[in-house]
Amino acid sequence: MKKRAAAPAARFAFLLVSAGLLSACVTREPFIPAHLPAGAQHVVELDATPFFPQDKYQCGPAALATVLVASKADTTPDALVPVVYLPARKGSLQVEMQAAPRQFGRLSYSLSRKLESILEELAAGRPVLVLHNYGLSFWPKWHYAVVIGYDAASDKFILRSGKKRRTEWRARTFMVAWHNGGRWAMVVLRPGETPASANPTLYLEAAADFERGASPADSRLAFDAAVQRWPEQPVAWTGRGTAEYRAGNYSGAARDYAAALRIDPNNIGARNNLAQSLLDLGCPARALEQLQAVNIDALGSPLKEAVLDTRKHIDAAIASTLVIEPSRCASQF
Amino acid sequence: MKHSPWRKFAVGILSVAILNLGMTGAASAGVVDTADLVVTDRAADMSVVRTQLDRAEVRAQMEEMGVDAAAVERRVASLNDRELHRLAADMQNAPAGGDAVWIVGAVFIVLIILELTGVIDIFKKT
């Protein structure tokens, strides 16, 4: 590895000399004005963003604590070391940085690779966690920092980074490090918030990941925000329905699943969940109607097992029902 | 890292066997998780067995890489199947944000100079 690095290093030295010879500066366009979304402020600085100076190698826990505490989560860099720090790598991996906020009742959302997204989130008042690479492709040096603002006129970003509470970066410098780092950026959301730059599919994925460990109330907030913003998305309704179901509100759940099915009648997951909710409402015959047309053999895991299981419970309920369904079932979906 | 593939394999198989003791199947009574619906939408193929192998692999690698045993369990439990898969595949080489020491800063400054002077253009449209 060391020997192989020599050739690129020599090439690099050559480039450096060339750069010196070519020293007449090429004028480049400023970055921020060219990427500023319409209507966004020209200067933003999220001054209230907390600051945690990092200990050796531990920019991951420090940067993560910065965005988590900014979202009003209660944590510290020290508490995050056992959550995201990987001793043998002397650093923290993106996957774990992204998973960690869920342990604090927060959603994490990866931004698109466009500079516009970072600017949009900052303009909406949300600090952005970024991965920088200050090295080279064959000698990467990764670092997490938090962007807390920008100034379009001077084409600068403002960051909390390492031991610096406030550091200004020329946008071009920032872009070199961000681009080299794979243009990765994420924001932390409180349940109920959606990112300014959100894509509905990516947000719903983040919300679905959040659902697993979240309380029904938090999960409801996360999907309700999606229902309000993207009512055309069946997964938004399904997710809110499942939050209702987990809270024991079966009729609310049935209503949301039915809404998902009006948008996408082939959504078997929503249909299964609607059947389950109807069963829990004491309406097994109505539940059966939902699943009768479903071709179970054509389904894949884990949907197939879920539908079979629901079907089994419906059949058992029908077999043991001595009386006809209560009349209220007729008004259910 | 230094374990033989056979040991990894045995660990994986055993873990699956042990995990299966406590599981009756992927789906339990009730509603389907939204995550499963999203995954179905994307036609991702995450079999239960593969997820369990990934989990065993991530657990073993975390311990090797110096994470406290108690923390390993919590960390592994907090990951979904896609995240487990990404980690299992690339924990040794995936970007790990750590320190920004001054030597690195020097290299970076050179890179910036090259960019500014137009010797290289890393933002070329791809």
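Residues numbered from 1 in each chain as written. Chains lettered and ligands numbered in written order. Predicted model: local features only at pLDDT ≥ 70, side-chain atom pairs only at ≥ 80, totals over all residues.

1. Some points on the overall build of chain B
Right, so step 1: For chain B, the helix and strand inventory stands at six helices and one strand.
Right, so step 2: Tracing chain B from N to C terminus, the helices and strands come up as α-α-α-α-α-β-α.
Right, so step 3: With 126 residues in all, chain B has 31% of them scored as buried.
Right, so step 4: Put simply, of all contacts in chain B between residues at least 6 apart along the chain, 67% involve residues at least 24 apart. (Helix = DSSP H or I, 4+ residues; strand = E, 2+ residues; numbered from the N terminus. Buried ≥ 20, exposed ≤ 12 C-beta atoms within 10 Å, placed from the backbone. Contact = placed C-beta atoms within 7 Å.)

2. Things to note about the confidence of the model for chain A
In low-pLDDT regions, the fine details of the predicted coordinates are not to be read closely.
Residues and elements named next belong to chain A.
Right, so step 1: Taken over all residues, the pLDDT of chain A has a mean of 89, while the share at 70 or more is 90%.
Right, so step 2: Per-residue pLDDT stays below 50 along residues 1–5; that stretch engages in two contacts with residues further than four places along the chain or on separate chains.
Right, so step 3: Here residues 20–25 is a poorly scored stretch, pLDDT under 50, and it has five contacts once near neighbours within four places are set aside; other chains count. (pLDDT = per-residue confidence, 0-100.)

3. Some remarks on the nonpolar core
Residue and element names in this part refer to chain A.
Right, so step 1: L64, V128, L129 and A207 are the most contacted members of the largest nonpolar core, which has 114 residues in total.
Right, so step 2: Ranked by the residues each element gives to this core, the list is headed by helix α3 (residues 59–70), at eight residues.
Right, so step 3: A domain split of this core shows at least three residues from each of domain 1 (27–189) and domain 2 (217–331).
Right, so step 4: Among residues more than four places away in sequence, those in contact with V128 are L111, I118, E121, L122, V146, V147, A185 and V187. (Core = buried A, V, L, I, M, F, W, Y, C linked by C-beta atoms within 7 Å. Domains from an automatic or database assignment.)

4. Notes on the environment of A56 of chain B
Right, so step 1: By the element assignment, A56 of chain B lies in helix α3 (residues 48–64).
Right, so step 2: A56 of chain B sits 28 residues away from L84 of chain B along the chain, and the two C-alpha atoms are 9.4 Å apart.

5. Some details on unusual backbone geometry
All names here are of chain A.
Right, so step 1: Backbone geometry at K72 places phi at a positive 70 degrees, although glycine is not the residue there.
Right, so step 2: Here K72 is to be found in the loop between α3 and α4 (77–84).
Right, so step 3: Even without a glycine there, the phi angle at R183 is positive, about 55 degrees.

6. Observations regarding the interface of chain B and chain A
Right, so step 1: Residue-level contacts link 50 residues of chain B with 68 residues of chain A.
Right, so step 2: Only α2 (34–41), α4 (69–77), α5 (81–90), β1 (96–97) and α6 (102–117) of chain B provide two or more residues apiece to the side of chain B that touches chain A.
Right, so step 3: When residues in the side of chain B that touches chain A are grouped by element, the largest group, twelve residues, is from α6 of chain B.
Right, so step 4: Considering only residue class, the side of chain B that touches chain A consists of 30 nonpolar, twelve polar and eight charged. (Nonpolar A, V, L, I, M, F, W, Y, C, P; charged D, E, K, R; others polar.)

7. Quick notes on the packing of α3 of chain B against α4 of chain B
Residue and element names in this part refer to chain B.
Right, so step 1: Two elements in contact, α3 and α4, have axes separated by 10 Å at closest approach and are oriented at 150 degrees. Between α3 and α4 lies a crossing whose hand is right-handed. Where α3 abuts α4, its residues R55, V58, R59, M62 and E63 lie against A69, V72, R75 and V76.
Right, so step 2: Classifying every residue of the contact of α3 with α4 gives five nonpolar, no polar and four charged. (Axes fitted to C-alpha atoms, helices over the stretch in contact; angles between N-to-C directions. Left-handed = near helix turned anticlockwise from the far one by under 90°.)

8. Concerning the pairing of strand β5 (residues 128–133) of chain A
Remember that side chains alternate between the two faces of the sheet whenever the strand is regular.
All names here are of chain A.
Right, so step 1: Judged by how many residues are buried, β5 sits mostly within the fold: six of six residues are covered.
Right, so step 2: Here β5 shows two buried faces, one formed by V128, V130 and H132 and the other by L129, L131 and N133.
Right, so step 3: Here β5 runs beside strand β6 (residues 142–151); their pairing, made up of six bridges, is antiparallel. The residue bridging V128 from the neighbouring strand is V147, located in β6.
Right, so step 4: As defined by bridge partners, β5 adjoins strand β9 (residues 185–189) across two bridges and the pair is classed as antiparallel. Bridged to L129 within β9 is M186. (Pairing = 2+ DSSP bridges.)

9. With respect to helix α11 (residues 250–263) of chain A
Residue and element names in this part refer to chain A.
Right, so step 1: Between its first and last C-alpha atoms α11 spans 20 Å; for 14 residues at 1.5 Å apiece the expected length is 20 Å, and the two agree.
Right, so step 2: All of the buried residues along α11 are Y250, A253, A254, D256, Y257, A259, A260 and L261.
Right, so step 3: In this fold, the buried residues of α11 make contact with α10 (234–246) and α12 (268–280). (Expected span 1.5 Å × (residues − 1).)

10. Notes on the sheet that holds strand β3 (residues 91–93) of chain A
Strands belonging to one sheet form pairs held by backbone hydrogen bonds; the direction of such a pair is parallel or antiparallel.
Right, so step 1: Read from one edge of the open sheet, three strands run β2(A)-β3(A)-β1(B), paired in antiparallel fashion. With partners counted over all chains shown, the strands left at the sheet margins are β2 (85–86) of chain A together with β1 of chain B, one partner each.
Right, so step 2: Bridge count for β2 of chain A against β3 of chain A is two bridges, and the pairing is antiparallel. For Y85 of chain A, the partnering residue across the bridge sits in β3 of chain A and is S92 of chain A.

11. Focus on the pairing of β6 of chain A
Right, so step 1: Most of β6 of chain A is tucked away: nine of the ten residues are buried.
Right, so step 2: The loop that links β6 of chain A with its antiparallel partner strand β7 (residues 156–161) of chain A comprises four residues; one of these, D155 of chain A, has a positive phi angle of about 55 degrees.

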